[in-house]
Amino acid sequence: MKSASLSRRDRLRHMLADLRMPGGLEALDAILQGVDGGTLTAPEAIEQLLAAQIQLRNNRRLQAAMRSSRLPVVKQLHEFDFTFQPSLRREQMESLHELGFVERHENVIFLGPPGVGKTHLAISLAIAAAQSGRRVYYGTLADLITSLEEAQAAGRLQARLKVLTHPALLVVDEIGYLPITRTGAMLFFQLMTRRYEHASTVLTSNKGFEEWGDVFGDDVMAAALIDRLVHHCHLVTIRGNSYRMRQHSELWQTLHTAHEPESAGGRRRRTPVRQEATTT
Ligand code: ADP
Ligand code: MG
């Protein structure tokens, strides 16, 4: 390459291509324009170039993670409305999203009634971890147990346990919604024992620990499980109203108001929406 004969812009293009930085490459022209026009200083230009590349890389990681991790939807911290959930400390959530707990192989447990954002926050932690290049995996307790039972029946339990022990962050969602068998509970206990002090698990439950004996059908096993889980753990108890019901209530309000003028004989429902009537 006759680099001397190329303009600085072209040399930058070649370098970014050589370093495989398509995000930076795409942003280059606009950034140089900003520098030429005097709206960007040199440090700002470097910052923007690198930020463009990091954003592209994170998006790609997220797309790859969405395929491999079985995450059901994208939910992120910036979409979470803290004013709706005053029992949650924003600083605690922001600090968890910096992922020190993943480095330290600690767990996070979200407890609270349906609709308060447990799954949302568990997924947003998994997404933050995936964007930082870590392997993540998502499953409801029922799904994970089914996959372990199927593996056991096929004589592949050890391999399956290994696969589920590997991710730096495993989300176990919806503990307590569906009854599980004793064998299922034992298989899950084995998985958690393997992950203990080895990799982080984020768990969500609508049941307090005192009810986990019923959930797992065995008080002693539940106690041993809780003992391991809470040893290095961030326990987040969310006491609040269901966000789903808020949306429903708002919908009712809107419909209600919309139908108000033609109320005579109309099919209006006055039944108030009850917070505790929600299910997941
Ligand atoms: P849970 O797992 O506690 O039952 P989810 O996390 O599934 O509740 O929340 C139900 C729905 O409401 C989801 O779509 C979620 O994104 C949304 N949601 C819950 N809490 C909030 C909040 N504080 N701000 C924004 N969206 C929220
Ligand atoms: Mg949930």
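Provided above is the structure to which this section pertains.
So, here is what we can say about the structure in this document. (Residues numbered from 1 in each chain as written. Chains lettered and ligands numbered in written order. Predicted model: local features only at pLDDT ≥ 70, side-chain atom pairs only at ≥ 80, totals over all residues. Heavy atoms only, no water.)

1. Quick notes on the layout of surface pockets
Rolled over the atoms, a probe as big as a water molecule pinpoints where empty space is left.
Right, so step 1: Computed from the structure, the largest pocket encloses a volume of approximately 500 Å³.
Right, so step 2: Taken together, 23 residues form the lining of the largest pocket, with G115, G117, T119, H120 and R244 sitting closest to its centre.
Right, so step 3: For the lining of the largest pocket, the secondary-structure elements that each account for two or more residues are α6 (118-131), β3 (169-175) and α12 (243-259).
Right, so step 4: If one sorts the elements of the lining of the largest pocket by residue count, α6 sits on top with four residues. (1 Å grid on protein atoms, 1.4 Å probe; cavity = no way out; pocket = protein on both sides within 12 Å on 5 of 7 lines; lining within 4 Å. Points joined across faces, edges and corners; volume = space filled by probe spheres on them. Helix = DSSP H or I, 4+ residues; strand = E, 2+ residues; numbered from the N terminus.)

2. Concerning empty space enclosed by the protein
Right, so step 1: If you walk through the whole model with that rule in mind, you get one cavity of 30 Å³ or more.
Right, so step 2: In this structure, the largest cavity encloses a volume near 50 Å³.
Right, so step 3: Lining the largest cavity we find N107, M192, R195, Y196, A199, T201, R228 and L229.
Right, so step 4: Class assignment of the residues belonging to the lining of the largest cavity gives a composition of four nonpolar, two polar and two charged. (Nonpolar A, V, L, I, M, F, W, Y, C, P; charged D, E, K, R; others polar.)

3. Notes on the sheet that holds β3
Right, so step 1: What the five strands build is an open sheet, ordered β2-β3-β4-β1-β5; its pairing is parallel. Looking at which strands have only one partner, the edges of the open sheet turn out to be β2 (136-140) and β5 (233-237). Each neighbouring strand pair of the sheet contributes to a mean axis angle of 10 degrees, computed without reference to strand direction.
Right, so step 2: Pairing of strand β1 (residues 107-111) with β5 involves five bridges; the strand directions are parallel. By the bridge assignment, L111 is partnered in β5 with T237. (Pairing = 2+ DSSP bridges. Axes fitted to C-alpha atoms, helices over the stretch in contact; angles between N-to-C directions.)

4. Focus: unusual backbone geometry
Right, so step 1: Positioned with a positive phi, R70 is a non-glycine residue whose angle comes to about 65 degrees.
Right, so step 2: Following the sequence through the fold, R70 ends up in the loop between α3 (42-68) and α4 (90-96).
Right, so step 3: Exposure remark for R70: the relative accessible area of 59% places this residue in the exposed category.
Right, so step 4: Residue E197 is not a glycine yet carries a positive backbone phi of 60 degrees.
Right, so step 5: Relative to the helices and strands, E197 resides in the loop between α9 (182-195) and β4 (200-205). (Buried < 20%, exposed > 50% of the residue type's maximum accessible area, 1.4 Å probe, protein only.)

5. Things to note about the site of ligand 1
Right, so step 1: Around ligand 1, 15 residues are found, and the nearest of them are D81, G115, K118, T119 and H120.
Right, so step 2: Contact between ligand 1 and K118: an oxygen atom at 2.8 Å from a side-chain N or O atom of the residue.
Right, so step 3: In isolation ligand 1 exposes 550 Å². Once the protein is present, 89% of that is buried.
Right, so step 4: Taken atom by atom, the bulk of ligand 1 overlaps the largest pocket.
Right, so step 5: Secondary-structure elements contributing two or more residues to the shell around ligand 1 are α6 and α12.
Right, so step 6: For the shell around ligand 1, the element with the highest residue contribution is α6, accounting for three residues.
Right, so step 7: A breakdown of the residues in the shell around ligand 1 according to their chemical character gives five nonpolar, five polar and five charged. (Near = heavy atom within 4 Å. Polar contact = N/O pair within 3.5 Å; in protein donor to acceptor, adjacent residues only side chain to side chain. Areas by Shrake-Rupley, 256 points an atom, 1.4 Å probe, with all protein chains shown as cover. Sits in = over half its atoms within 2 Å of the grid points.)

6. Considerations on the pattern of salt bridges
Right, so step 1: Using the criterion set out here, one finds nine salt bridges in the structure.
Right, so step 2: The partner of R13 in a salt bridge is D10, with the nearest N and O atoms 3.6 Å apart. Within this pair, R13 and its partner D10 are both found in helix α1 (residues 8-18), separated by three residues, close to a single helical turn.
Right, so step 3: By relative accessible area, R13 is classed as partly exposed at 30%.
Right, so step 4: Classification of D10 by relative accessible area gives partly exposed; the value is 29%.
Right, so step 5: One salt bridge connects D218 with R182, and the closest N-O pair in it is separated by 2.6 Å. In this pair, D218 is assigned in the loop between α10 (212-216) and α11 (219-231) and R182 in helix α9, connecting sequence segments 36 residues apart.
Right, so step 6: By relative accessible area, R182 is classed as partly exposed at 47%.
Right, so step 7: Each of R9, D10, R13, D29 and D36 takes part in salt bridges that share partners, so that together they form one network. (Salt bridge = Lys/Arg side-chain N within 4 Å of Asp/Glu carboxyl O.)

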